[in-house]
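Tertiary structure, described
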Amino acid sequence: MAPILSGKRIMLGISGGIAAYKSVTLASRFTQANALVDVIMTHSAAKFVAPVTFQSITQRSVATDTFEFWHDAGRLRIGHVALAHAADLFIIAPATAHTIARLAHGLSDDLLSITALSYKGPMLLAPAMETNMWTHPATMRNVQALRDWGVDFIGPEEGRLASGEVGEGRVAEPEDIFEVACKVIGRGGPLDGLRVLITAGGTREPIDPVRFMGNHSTGKMGAALARAARDLGAETVLVHAPLSVHPPGGVSLMPVHTAQQMFGAVMEQLPRTDVLIGAAAVADYRPTRSSNQKLKKSPENQVITLERTPDILQEVGTRREEGGPGPRLVIGFAAETNDLEANALDKLKRKNLDLVVLNDVTAPDSGFAVDTNRVTLFERGGNREAWPLMSKDEVAQAILQRVVVRLGRLDWKGSQSRERDR
Ligand code: C5P
(Lines give C-alpha, C1' and ligand atoms only; values in the text may rest on other atoms or scores of the structure.)
Protein backbone atom coordinates (compact mmCIF):
# COMPACT_ATOMS: atom_id res chain seq x y z
CA MET A 1 0.00 0.00 0.00
CA ALA A 2 1.02 3.54 -0.60
CA PRO A 3 -0.63 5.73 2.09
CA ILE A 4 0.81 8.75 0.34
CA LEU A 5 -1.91 8.27 -2.30
CA SER A 6 -4.84 7.70 0.01
CA GLY A 7 -7.50 10.34 -0.67
CA LYS A 8 -5.31 12.09 -3.24
CA ARG A 9 -6.85 13.25 -6.50
CA ILE A 10 -5.10 12.06 -9.62
CA MET A 11 -5.98 13.55 -12.97
CA LEU A 12 -5.13 10.86 -15.50
CA GLY A 13 -4.93 12.12 -19.05
CA ILE A 14 -4.86 9.56 -21.83
CA SER A 15 -3.81 10.50 -25.32
CA GLY A 16 -4.23 8.45 -28.44
CA GLY A 17 -1.78 5.62 -28.75
CA ILE A 18 -2.14 1.88 -28.49
CA ALA A 19 -0.33 2.11 -25.14
CA ALA A 20 -3.62 3.59 -23.82
CA TYR A 21 -4.63 0.04 -22.83
CA LYS A 22 -1.82 -0.04 -20.25
CA SER A 23 -3.35 2.96 -18.51
CA VAL A 24 -6.30 0.77 -17.50
CA THR A 25 -3.88 -1.09 -15.21
CA LEU A 26 -2.49 2.23 -14.04
CA ALA A 27 -5.95 3.60 -13.20
CA SER A 28 -6.71 0.39 -11.33
CA ARG A 29 -3.45 0.58 -9.37
CA PHE A 30 -4.23 4.14 -8.23
CA THR A 31 -7.80 3.25 -7.36
CA GLN A 32 -6.63 0.30 -5.25
CA ALA A 33 -4.30 2.68 -3.40
CA ASN A 34 -7.45 4.69 -2.46
CA ALA A 35 -6.67 7.59 -4.78
CA LEU A 36 -9.54 9.33 -6.58
CA VAL A 37 -8.80 9.02 -10.26
CA ASP A 38 -10.44 11.35 -12.78
CA VAL A 39 -9.78 10.38 -16.36
CA ILE A 40 -9.70 12.66 -19.37
CA MET A 41 -9.32 11.00 -22.75
CA THR A 42 -8.58 12.59 -26.08
CA HIS A 43 -10.94 11.60 -28.89
CA SER A 44 -8.29 9.38 -30.45
CA ALA A 45 -7.58 7.70 -27.09
CA ALA A 46 -11.27 6.81 -26.91
CA LYS A 47 -10.84 4.93 -30.21
CA PHE A 48 -8.25 2.64 -28.62
CA VAL A 49 -10.01 2.03 -25.28
CA ALA A 50 -13.66 2.73 -24.47
CA PRO A 51 -14.20 5.39 -21.77
CA VAL A 52 -16.55 2.99 -19.99
CA THR A 53 -13.55 0.78 -19.20
CA PHE A 54 -11.97 3.56 -17.15
CA GLN A 55 -15.31 4.49 -15.68
CA SER A 56 -15.79 0.95 -14.38
CA ILE A 57 -12.27 0.77 -12.96
CA THR A 58 -12.27 4.17 -11.25
CA GLN A 59 -15.99 4.30 -10.38
CA ARG A 60 -15.82 7.92 -11.46
CA SER A 61 -16.74 9.94 -14.51
CA VAL A 62 -14.53 9.93 -17.56
CA ALA A 63 -14.47 13.07 -19.66
CA THR A 64 -13.64 13.48 -23.32
CA ASP A 65 -15.60 16.56 -24.23
CA THR A 66 -14.90 20.18 -23.33
CA PHE A 67 -18.57 20.90 -22.83
CA GLU A 68 -19.38 17.93 -20.64
CA PHE A 69 -20.62 18.30 -17.08
CA TRP A 70 -18.47 16.82 -14.36
CA HIS A 71 -19.61 15.26 -11.10
CA ASP A 72 -17.66 16.54 -8.12
CA ALA A 73 -18.60 15.78 -4.52
CA GLY A 74 -22.24 15.41 -5.44
CA ARG A 75 -22.30 18.62 -7.48
CA LEU A 76 -22.41 19.06 -11.21
CA ARG A 77 -19.66 21.33 -12.42
CA ILE A 78 -18.61 22.35 -15.85
CA GLY A 79 -15.26 22.82 -17.35
CA HIS A 80 -11.61 22.40 -16.95
CA VAL A 81 -11.01 24.91 -14.19
CA ALA A 82 -12.73 22.90 -11.45
CA LEU A 83 -11.03 19.73 -12.66
CA ALA A 84 -7.59 21.26 -12.70
CA HIS A 85 -7.89 22.91 -9.32
CA ALA A 86 -8.86 19.71 -7.58
CA ALA A 87 -5.92 17.52 -8.65
CA ASP A 88 -2.86 16.69 -6.54
CA LEU A 89 -1.07 15.23 -9.55
CA PHE A 90 -1.69 15.36 -13.29
CA ILE A 91 -0.40 12.36 -15.20
CA ILE A 92 -0.57 11.92 -18.94
CA ALA A 93 0.04 8.31 -19.94
CA PRO A 94 0.54 7.63 -22.72
CA ALA A 95 1.67 11.08 -23.82
CA THR A 96 1.89 11.16 -27.61
CA ALA A 97 4.26 13.40 -29.56
CA HIS A 98 1.27 15.52 -30.50
CA THR A 99 0.07 15.98 -26.91
CA ILE A 100 3.61 16.83 -25.77
CA ALA A 101 3.86 19.37 -28.60
CA ARG A 102 0.51 20.93 -27.67
CA LEU A 103 1.53 21.26 -24.01
CA ALA A 104 4.91 22.74 -24.94
CA HIS A 105 3.23 25.36 -27.10
CA GLY A 106 0.38 26.17 -24.77
CA LEU A 107 -2.24 24.98 -27.25
CA SER A 108 -5.65 24.14 -25.86
CA ASP A 109 -7.85 22.61 -28.48
CA ASP A 110 -9.48 19.81 -26.50
CA LEU A 111 -10.42 19.00 -22.92
CA LEU A 112 -7.08 17.37 -22.07
CA SER A 113 -4.95 20.25 -23.32
CA ILE A 114 -7.25 22.91 -21.83
CA THR A 115 -7.17 21.20 -18.45
CA ALA A 116 -3.39 20.79 -18.59
CA LEU A 117 -2.93 24.45 -19.45
CA SER A 118 -5.01 25.65 -16.53
CA TYR A 119 -3.31 23.29 -14.06
CA LYS A 120 -0.52 24.55 -11.82
CA GLY A 121 0.44 21.51 -9.71
CA PRO A 122 2.92 18.69 -10.32
CA MET A 123 2.69 16.97 -13.68
CA LEU A 124 4.13 13.63 -14.84
CA LEU A 125 4.27 12.57 -18.48
CA ALA A 126 4.87 9.04 -19.78
CA PRO A 127 5.67 9.43 -23.48
CA ALA A 128 4.92 6.69 -26.01
CA MET A 129 5.71 6.92 -29.70
CA GLU A 130 7.83 5.52 -32.51
CA THR A 131 11.57 5.98 -32.03
CA ASN A 132 11.93 8.49 -34.88
CA MET A 133 9.18 10.65 -33.42
CA TRP A 134 10.79 10.54 -29.96
CA THR A 135 14.27 11.39 -31.22
CA HIS A 136 13.02 14.09 -33.62
CA PRO A 137 14.52 17.48 -32.70
CA ALA A 138 11.01 18.96 -32.47
CA THR A 139 9.97 16.43 -29.80
CA MET A 140 13.28 16.74 -27.96
CA ARG A 141 12.87 20.51 -27.87
CA ASN A 142 9.27 20.25 -26.64
CA VAL A 143 10.28 17.77 -23.92
CA GLN A 144 13.09 20.07 -22.80
CA ALA A 145 10.72 23.06 -22.65
CA LEU A 146 8.35 21.10 -20.43
CA ARG A 147 11.20 19.84 -18.24
CA ASP A 148 12.36 23.43 -17.83
CA TRP A 149 8.88 24.30 -16.54
CA GLY A 150 9.17 21.57 -13.92
CA VAL A 151 7.23 18.78 -15.66
CA ASP A 152 8.50 15.29 -14.76
CA PHE A 153 8.97 12.54 -17.32
CA ILE A 154 9.13 8.78 -16.99
CA GLY A 155 10.42 6.76 -19.94
CA PRO A 156 10.04 6.05 -22.72
CA GLU A 157 11.78 2.71 -22.61
CA GLU A 158 13.46 0.49 -25.17
CA GLY A 159 11.30 -2.30 -26.46
CA ARG A 160 8.91 -3.55 -29.08
CA LEU A 161 6.81 -0.73 -30.52
CA ALA A 162 3.37 -0.69 -32.15
CA SER A 163 4.99 -0.76 -35.60
CA GLY A 164 6.76 -4.03 -34.75
CA GLU A 165 10.12 -2.27 -34.65
CA VAL A 166 12.29 -2.42 -31.57
CA GLY A 167 13.60 0.84 -30.17
CA GLU A 168 13.16 3.65 -27.69
CA GLY A 169 9.58 4.83 -27.44
CA ARG A 170 7.69 2.23 -25.42
CA VAL A 171 5.61 3.65 -22.60
CA ALA A 172 6.94 3.00 -19.08
CA GLU A 173 5.29 0.09 -17.27
CA PRO A 174 2.23 1.01 -15.15
CA GLU A 175 3.96 -0.14 -11.95
CA ASP A 176 6.91 2.18 -12.62
CA ILE A 177 4.61 5.11 -13.43
CA PHE A 178 2.74 4.40 -10.18
CA GLU A 179 5.98 4.40 -8.20
CA VAL A 180 7.28 7.63 -9.69
CA ALA A 181 3.84 9.21 -9.09
CA CYS A 182 4.25 8.43 -5.37
CA LYS A 183 7.63 10.14 -5.42
CA VAL A 184 6.28 13.25 -7.16
CA ILE A 185 3.37 13.53 -4.71
CA GLY A 186 5.72 13.01 -1.75
CA ARG A 187 8.04 15.81 -2.83
CA GLY A 188 8.42 18.54 -0.23
CA GLY A 189 7.47 16.06 2.53
CA PRO A 190 9.10 15.87 5.98
CA LEU A 191 12.34 14.30 4.67
CA ASP A 192 12.67 16.89 1.91
CA GLY A 193 16.29 17.81 1.20
CA LEU A 194 17.72 14.77 3.04
CA ARG A 195 19.53 11.80 1.53
CA VAL A 196 18.49 8.44 2.88
CA LEU A 197 20.64 5.43 2.01
CA ILE A 198 19.23 1.93 2.46
CA THR A 199 20.98 -1.39 2.01
CA ALA A 200 18.84 -4.35 0.97
CA GLY A 201 18.91 -7.94 -0.22
CA GLY A 202 21.22 -10.83 0.54
CA THR A 203 24.81 -10.59 -0.66
CA ARG A 204 26.26 -13.39 -2.77
CA GLU A 205 29.81 -14.54 -2.19
CA PRO A 206 31.21 -16.43 -5.17
CA ILE A 207 32.61 -19.94 -4.81
CA ASP A 208 33.21 -20.39 -8.53
CA PRO A 209 31.66 -18.81 -11.68
CA VAL A 210 28.35 -20.66 -11.17
CA ARG A 211 28.01 -21.02 -7.38
CA PHE A 212 27.79 -18.66 -4.45
CA MET A 213 27.18 -18.54 -0.72
CA GLY A 214 23.97 -16.67 -0.04
CA ASN A 215 21.05 -16.34 2.34
CA HIS A 216 17.25 -16.24 2.28
CA SER A 217 16.86 -12.46 2.15
CA THR A 218 14.51 -11.26 -0.62
CA GLY A 219 15.03 -7.53 -0.12
CA LYS A 220 11.32 -6.95 0.64
CA MET A 221 11.98 -5.02 3.84
CA GLY A 222 14.70 -2.86 2.26
CA ALA A 223 12.54 -2.11 -0.80
CA ALA A 224 9.64 -1.14 1.50
CA LEU A 225 11.97 1.17 3.45
CA ALA A 226 13.15 2.81 0.23
CA ARG A 227 9.55 3.44 -0.86
CA ALA A 228 8.62 4.87 2.53
CA ALA A 229 11.65 7.23 2.53
CA ARG A 230 10.90 8.31 -1.05
CA ASP A 231 7.24 9.01 -0.24
CA LEU A 232 8.31 11.31 2.60
CA GLY A 233 10.30 13.41 0.16
CA ALA A 234 13.80 12.01 0.78
CA GLU A 235 16.34 11.65 -1.98
CA THR A 236 16.64 7.89 -1.64
CA VAL A 237 19.51 5.62 -2.60
CA LEU A 238 19.10 1.84 -2.48
CA VAL A 239 22.33 -0.14 -2.45
CA HIS A 240 21.05 -3.61 -3.11
CA ALA A 241 22.27 -7.14 -3.55
CA PRO A 242 20.09 -9.24 -5.94
CA LEU A 243 16.40 -8.71 -5.05
CA SER A 244 13.51 -11.10 -5.58
CA VAL A 245 11.03 -8.23 -5.64
CA HIS A 246 10.40 -5.44 -8.15
CA PRO A 247 12.95 -2.71 -7.30
CA PRO A 248 11.24 0.49 -6.17
CA GLY A 249 10.91 3.29 -8.72
CA GLY A 250 11.86 6.89 -8.08
CA VAL A 251 14.95 5.93 -6.07
CA SER A 252 18.59 5.70 -7.18
CA LEU A 253 19.51 2.05 -7.47
CA MET A 254 23.07 0.87 -6.90
CA PRO A 255 23.15 -2.88 -7.60
CA VAL A 256 25.96 -4.94 -6.05
CA HIS A 257 26.59 -8.64 -5.46
CA THR A 258 29.12 -9.14 -2.69
CA ALA A 259 29.59 -7.74 0.82
CA GLN A 260 32.80 -6.09 -0.38
CA GLN A 261 30.98 -4.33 -3.22
CA MET A 262 28.20 -3.22 -0.86
CA PHE A 263 30.83 -1.91 1.56
CA GLY A 264 32.46 0.09 -1.27
CA ALA A 265 29.15 1.55 -2.48
CA VAL A 266 28.04 2.59 1.03
CA MET A 267 31.42 4.16 1.89
CA GLU A 268 31.40 6.09 -1.36
CA GLN A 269 27.92 7.50 -0.57
CA LEU A 270 28.55 8.07 3.15
CA PRO A 271 29.74 11.70 3.08
CA ARG A 272 26.48 12.73 1.36
CA THR A 273 24.19 10.54 3.50
CA ASP A 274 21.93 11.95 6.24
CA VAL A 275 20.25 8.70 7.27
CA LEU A 276 21.61 5.19 6.79
CA ILE A 277 19.42 2.12 7.23
CA GLY A 278 21.17 -1.24 6.98
CA ALA A 279 18.45 -3.73 6.07
CA ALA A 280 20.68 -5.97 3.92
CA ALA A 281 21.57 -9.46 5.00
CA VAL A 282 25.29 -9.07 4.48
CA ALA A 283 27.42 -12.21 4.49
CA ASP A 284 29.77 -12.31 7.46
CA TYR A 285 32.09 -14.75 5.69
CA ARG A 286 33.19 -15.37 2.12
CA PRO A 287 35.27 -18.12 0.52
CA THR A 288 38.94 -17.27 0.90
CA ARG A 289 39.34 -17.77 -2.81
CA SER A 290 36.84 -18.17 -5.58
CA SER A 291 37.81 -20.41 -8.46
CA ASN A 292 37.95 -18.97 -11.99
CA GLN A 293 36.63 -22.25 -13.31
CA LYS A 294 33.66 -24.33 -12.29
CA LEU A 295 34.71 -26.77 -9.56
CA LYS A 296 34.46 -30.33 -10.81
CA LYS A 297 33.04 -33.30 -9.00
CA SER A 298 35.72 -35.49 -7.45
CA PRO A 299 35.65 -38.53 -5.18
CA GLU A 300 37.11 -36.51 -2.29
CA ASN A 301 35.18 -34.13 -0.06
CA GLN A 302 35.68 -30.46 -0.80
CA VAL A 303 36.57 -28.00 1.94
CA ILE A 304 35.86 -24.33 1.45
CA THR A 305 37.79 -22.08 3.78
CA LEU A 306 36.15 -18.81 4.74
CA GLU A 307 37.34 -15.37 5.73
CA ARG A 308 35.54 -12.41 7.29
CA THR A 309 33.90 -9.78 5.12
CA PRO A 310 33.98 -6.11 6.10
CA ASP A 311 31.17 -5.13 8.48
CA ILE A 312 29.59 -2.07 6.91
CA LEU A 313 27.66 -0.70 9.89
CA GLN A 314 30.56 -1.44 12.23
CA GLU A 315 32.83 0.67 10.04
CA VAL A 316 30.25 3.49 9.90
CA GLY A 317 29.94 3.30 13.71
CA THR A 318 33.72 3.49 14.18
CA ARG A 319 33.97 6.49 11.86
CA ARG A 320 31.18 8.24 13.77
CA GLU A 321 32.93 7.54 17.06
CA GLU A 322 36.11 9.06 15.70
CA GLY A 323 34.13 12.19 14.85
CA GLY A 324 34.42 11.74 11.08
CA PRO A 325 31.68 12.92 8.75
CA GLY A 326 28.80 10.51 8.93
CA PRO A 327 25.04 10.21 8.81
CA ARG A 328 22.96 11.92 11.47
CA LEU A 329 21.06 8.72 12.04
CA VAL A 330 22.13 5.09 11.59
CA ILE A 331 19.65 2.25 11.89
CA GLY A 332 20.53 -1.43 11.84
CA PHE A 333 18.52 -4.63 11.65
CA ALA A 334 19.03 -7.67 13.80
CA ALA A 335 17.74 -10.87 12.24
CA GLU A 336 18.14 -13.33 15.06
CA THR A 337 17.23 -16.92 15.89
CA ASN A 338 18.22 -17.00 19.59
CA ASP A 339 19.08 -14.67 22.49
CA LEU A 340 17.12 -12.06 20.56
CA GLU A 341 17.25 -9.16 22.95
CA ALA A 342 20.84 -9.64 24.08
CA ASN A 343 22.02 -9.81 20.48
CA ALA A 344 20.06 -6.70 19.49
CA LEU A 345 21.41 -4.68 22.42
CA ASP A 346 24.93 -5.86 21.70
CA LYS A 347 24.56 -4.69 18.09
CA LEU A 348 23.22 -1.29 19.14
CA LYS A 349 26.27 -0.68 21.29
CA ARG A 350 28.98 -2.36 19.25
CA LYS A 351 27.98 -0.75 15.94
CA ASN A 352 27.27 2.61 17.58
CA LEU A 353 23.73 2.67 16.14
CA ASP A 354 20.85 5.00 16.99
CA LEU A 355 18.27 2.29 16.60
CA VAL A 356 18.13 -1.46 16.07
CA VAL A 357 15.13 -3.21 14.58
CA LEU A 358 14.99 -6.77 15.87
CA ASN A 359 13.07 -9.50 14.11
CA ASP A 360 12.80 -13.14 14.99
CA VAL A 361 13.53 -14.88 11.72
CA THR A 362 12.35 -18.26 13.03
CA ALA A 363 8.73 -17.02 13.42
CA PRO A 364 6.63 -18.06 10.39
CA ASP A 365 5.02 -14.62 10.00
CA SER A 366 8.21 -12.62 10.43
CA GLY A 367 11.58 -12.25 8.72
CA PHE A 368 12.64 -13.70 5.36
CA ALA A 369 10.41 -13.91 2.29
CA VAL A 370 7.07 -13.17 3.99
CA ASP A 371 5.09 -9.93 3.61
CA THR A 372 4.74 -9.34 7.33
CA ASN A 373 7.14 -8.57 10.13
CA ARG A 374 6.94 -8.51 13.92
CA VAL A 375 9.69 -6.27 15.22
CA THR A 376 10.98 -4.79 18.44
CA LEU A 377 12.80 -1.47 18.42
CA PHE A 378 15.78 -0.74 20.64
CA GLU A 379 16.81 2.89 20.68
CA ARG A 380 20.00 4.44 21.95
CA GLY A 381 19.08 5.86 25.33
CA GLY A 382 17.24 2.74 26.42
CA ASN A 383 13.81 3.05 24.81
CA ARG A 384 12.37 -0.35 23.83
CA GLU A 385 9.14 -0.90 21.88
CA ALA A 386 7.54 -4.12 20.69
CA TRP A 387 5.37 -3.49 17.65
CA PRO A 388 2.47 -5.76 16.66
CA LEU A 389 2.49 -7.87 13.52
CA MET A 390 2.36 -5.53 10.53
CA SER A 391 2.98 -5.69 6.82
CA LYS A 392 6.56 -4.87 5.83
CA ASP A 393 5.25 -1.68 4.20
CA GLU A 394 3.68 -0.63 7.48
CA VAL A 395 6.82 -1.48 9.45
CA ALA A 396 8.85 0.56 6.96
CA GLN A 397 6.48 3.53 7.20
CA ALA A 398 6.57 3.40 11.01
CA ILE A 399 10.38 3.27 11.03
CA LEU A 400 10.57 6.26 8.70
CA GLN A 401 8.07 8.11 10.90
CA ARG A 402 10.51 7.50 13.77
CA VAL A 403 13.25 9.00 11.58
CA VAL A 404 11.06 12.08 11.00
CA VAL A 405 10.56 12.47 14.77
CA ARG A 406 14.23 11.96 15.62
CA LEU A 407 15.32 14.53 13.04
CA GLY A 408 12.81 17.05 14.42
CA ARG A 409 10.89 17.17 11.15
CA LEU A 410 7.39 16.48 12.51
CA ASP A 411 6.13 19.98 11.75
CA TRP A 412 7.92 20.22 8.43
CA LYS A 413 6.05 22.43 6.02
CA GLY A 414 8.20 21.68 2.98
CA SER A 415 10.60 23.96 1.21
CA GLN A 416 9.24 23.48 -2.28
CA SER A 417 6.18 25.11 -3.68
CA ARG A 418 3.61 22.63 -5.00
CA GLU A 419 3.18 24.87 -7.99
CA ARG A 420 5.39 24.47 -10.96
CA ASP A 421 7.59 27.39 -11.86
CA ARG A 422 6.08 29.20 -14.79
O1 C5P B 1 26.17 -8.20 13.44
P2 C5P B 1 25.09 -8.52 12.44
O3 C5P B 1 25.62 -8.87 11.10
O4 C5P B 1 24.13 -9.54 12.93
O5 C5P B 1 24.27 -7.13 12.31
C6 C5P B 1 23.22 -6.95 11.44
C7 C5P B 1 23.17 -5.53 10.96
O8 C5P B 1 24.44 -5.14 10.46
C9 C5P B 1 22.22 -5.36 9.77
O10 C5P B 1 21.69 -4.06 9.83
C11 C5P B 1 23.13 -5.56 8.57
O12 C5P B 1 22.64 -4.91 7.41
C13 C5P B 1 24.43 -4.94 9.05
N14 C5P B 1 25.65 -5.57 8.53
C15 C5P B 1 26.53 -4.81 7.81
N16 C5P B 1 27.69 -5.38 7.34
C17 C5P B 1 27.96 -6.68 7.57
C18 C5P B 1 27.08 -7.46 8.29
C19 C5P B 1 25.91 -6.87 8.75
O20 C5P B 1 26.28 -3.63 7.59
N21 C5P B 1 29.07 -7.20 7.07
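Up top is the structure.
Within each chain, residues carry numbers counting from 1 in the order of the written sequence. Where local features are concerned, this predicted model is filtered to residues with pLDDT of at least 70; where side-chain atom pairs are given and counted, the filter is 80 or more; whole-chain, interface and lining totals use all residues. Computation of side-chain values covers all heavy atoms of the structure but excludes hydrogens and water.

**Comments concerning the packing of aromatic side chains**
Centres within 6.5 Å are what make two rings of Phe, Tyr or Trp a pair, Trp counting through its six-membered ring; a difference in plane orientation under 30 degrees is then read as stacked, over 60 as edge-to-face, and the rest as tilted. In the structure shown here, the tally under the stated rule is two aromatic pairs. Ring centres of Phe30 and Phe178 lie 5.3 Å apart, and the angle between their planes is 45°; on these two criteria the pair is classed as tilted. With Phe30 in helix 1 (residues 22-32) and Phe178 in helix 9 (residues 174-186), the pair connects residues that are 148 residues apart, well separated along the chain. Overall, Phe30 belongs to the buried group, its relative accessible area being 0%. Considering the side-chain rings of Phe90 and Tyr119, the 5.3 Å spacing of their centres and the 65° angle between planes classify their relative orientation as edge-to-face. Here Tyr119 lies in the loop between helix 6 (111-117) and strand 7 (123-127) and Phe90 lies in strand 6 (residues 89-95), a separation of 29 residues in the sequence. Should the NZ of a Lys or the CZ of an Arg lie within 6 Å of a ring centre and within 35 degrees of the ring normal, that charge is described as sitting over the ring. Just above the ring of Phe178 sits the side chain of Arg29; from NZ or CZ to the centre is 3.9 Å. In this structure, Arg308 is placed above the aromatic ring of Tyr285, and the distance from its NZ or CZ to the ring centre is 5.5 Å. Think of it this way: any DSSP run of H or I at least four residues long counts as a helix, any run of E at least two long counts as a strand, and we number them from the N terminus. Exposure categories follow from relative accessible area, calculated using a 1.4 Å probe and restricted to protein chains: below 20% of the type maximum is buried, above 50% is exposed, and the middle band is partly exposed.

**Quick look at the environment of Ala86**
The residue Ala86 is located in helix 4 (residues 80-86) in this model. Measuring from C-alpha to C-alpha, the distance between Ala86 and Lys120 comes to 11 Å, with 34 residues separating the pair along the chain.

**Describing the pairing of strand 2 (residues 36-41)**
Burial within strand 2 is extensive, with five of its six residues counted as buried. Should DSSP find at least two bridges between two strands, the strands are regarded as paired. In this structure, strand 1 (residues 9-14) lies alongside strand 2, joined through six bridges in parallel fashion. Within strand 2, the residue paired with Ile10 across the bridge is Val37. In this fold, the crossover linking strand 1 to strand 2 by way of helix 1 has right-handed handedness. Bridging between strand 2 and strand 3 (residues 62-63) involves two bridges; their strand directions are parallel. From the neighbouring strand, Val39 faces strand 3, where its bridge partner is Val62. Handedness of a crossover is defined as follows: with both strands directed away from the viewer, a clockwise route from the first strand across the helix to the second makes it right-handed.

**Overview of the nonpolar core**
To define a nonpolar core, start from buried Ala, Val, Leu, Ile, Met, Phe, Trp, Tyr and Cys residues and group those joined through side-chain atoms within 4.5 Å. Grouped together as the largest cluster of nonpolar side chains are 37 residues, with contacts concentrated most on Leu5, Phe30, Phe54, Ile91 and Ile177. Elements with a minimum of two residues in this core: strand 1, helix 1, strand 2, strand 6, strand 7 and helix 9. Ranked by residues supplied to this core, first place goes to helix 9 with seven residues. Discounting chain neighbours no more than four positions away, the residues touching Phe54 are Ile14, Ala20, Ser23, Val24, Ala27, Val39, Met41, Val49, Gln59 and Val62. Note on contacts: a residue pair qualifies if any of its non-hydrogen atoms lie within 4.5 Å across the two residues.

**A short note on the sheet that holds strand 2**
Where strands meet in a sheet, backbone hydrogen bonds hold them as pairs that are either parallel or antiparallel. Spatially, the six strands line up as an open sheet ordered 3-2-1-6-7-8, and their pairing is parallel. For this open sheet the edge positions go to strand 3 and strand 8 (152-153), each flanked by a neighbour on one side alone. For strand 1 and strand 6, the ladder comprises four bridges, and the chain directions are parallel. Bridge pairing in strand 6 places Gly13 opposite Ile92.

**Focus on the site of the ligand**
Looking at the ligand, there are 13 residues lining it, with Gly278, Ala280, Phe333, Lys347 and Lys351 nearest. Polar contacts, as counted here, are pairs of nitrogen or oxygen atoms within 3.5 Å of one another; within protein the pair requires one atom able to donate a hydrogen and one able to accept it, and residues that are adjacent in sequence qualify only if both atoms are side-chain atoms. At 3.4 Å, a side-chain N or O of Asp311 approaches a nitrogen atom of the ligand. A distance of 2.9 Å separates an oxygen atom of the ligand from a polar side-chain atom of Lys351. Using a 1.4 Å probe, the Shrake-Rupley method yields the accessible areas, and only the shown protein chains count as cover for residues. Relative to its unbound accessible surface of 450 Å², the ligand loses 88% to contact with the protein. Within the residue set of the shell around the ligand, elements represented by two or more residues are helix 12 (312-321), strand 19 (329-336) and helix 13 (340-350). Ten residue types, Ala, Val, Leu, Ile, Met, Phe, Trp, Tyr, Cys and Pro, are classed as nonpolar, four, Asp, Glu, Lys and Arg, as charged, and the remainder, Gly among them, as polar. Split into classes, the residues belonging to the shell around the ligand amount to six nonpolar, two polar and five charged. Nearness is defined per residue: one heavy atom within 4 Å of the molecule or strand is enough.

**Digging into the pattern of salt bridges**
What makes a salt bridge here is a side-chain nitrogen of Lys or Arg within 4 Å of a carboxyl oxygen of Asp or Glu, nothing more. A full pass over the atoms with the stated rule returns 26 salt bridges. Here Arg60 makes a salt bridge to Asp38, at a shortest N to O gap of 2.9 Å. In this pair, Arg60 sits in the loop between helix 3 (51-58) and strand 3 while Asp38 sits in strand 2, placing the two residues 22 residues apart along the sequence. The residue Asp371 makes a salt bridge to Lys220 at a minimum N-O spacing of 2.8 Å. With a gap of 151 residues between them, Asp371 in the loop between strand 20 (355-360) and strand 21 (372-373) and Lys220 in helix 10 (residues 220-231) connect regions that are remote in the sequence. By relative accessible area, Lys220 is classed as partly exposed at 22%. Shared partners join several salt bridges into a network, and the residues in it are Glu179, Arg227, Arg230 and Asp231.

**As for the sheet that holds strand 20**
Here we have eight strands laid out as an open sheet, ordered 15-14-11-16-19-20-22-23, and mixed in their pairing. Of all the strands in the sheet, the pair left with one neighbour each is strand 15 (252-255) and strand 23 (384-386). Neighbour to neighbour, the strand axes of the sheet diverge by 15° on average, direction disregarded. Lines fitted to C-alpha atoms define the axes here, with helix axes fitted over just the stretch in contact, and angles between the N-to-C directions of these axes take values from 0 to 180 degrees. Contacts from helix 11 (residues 259-269) reach strand 11 (195-200), strand 14 (235-240), strand 15 and strand 16 (275-278) within the one sheet, and its direction differs from that of strand 11 by about 175°.

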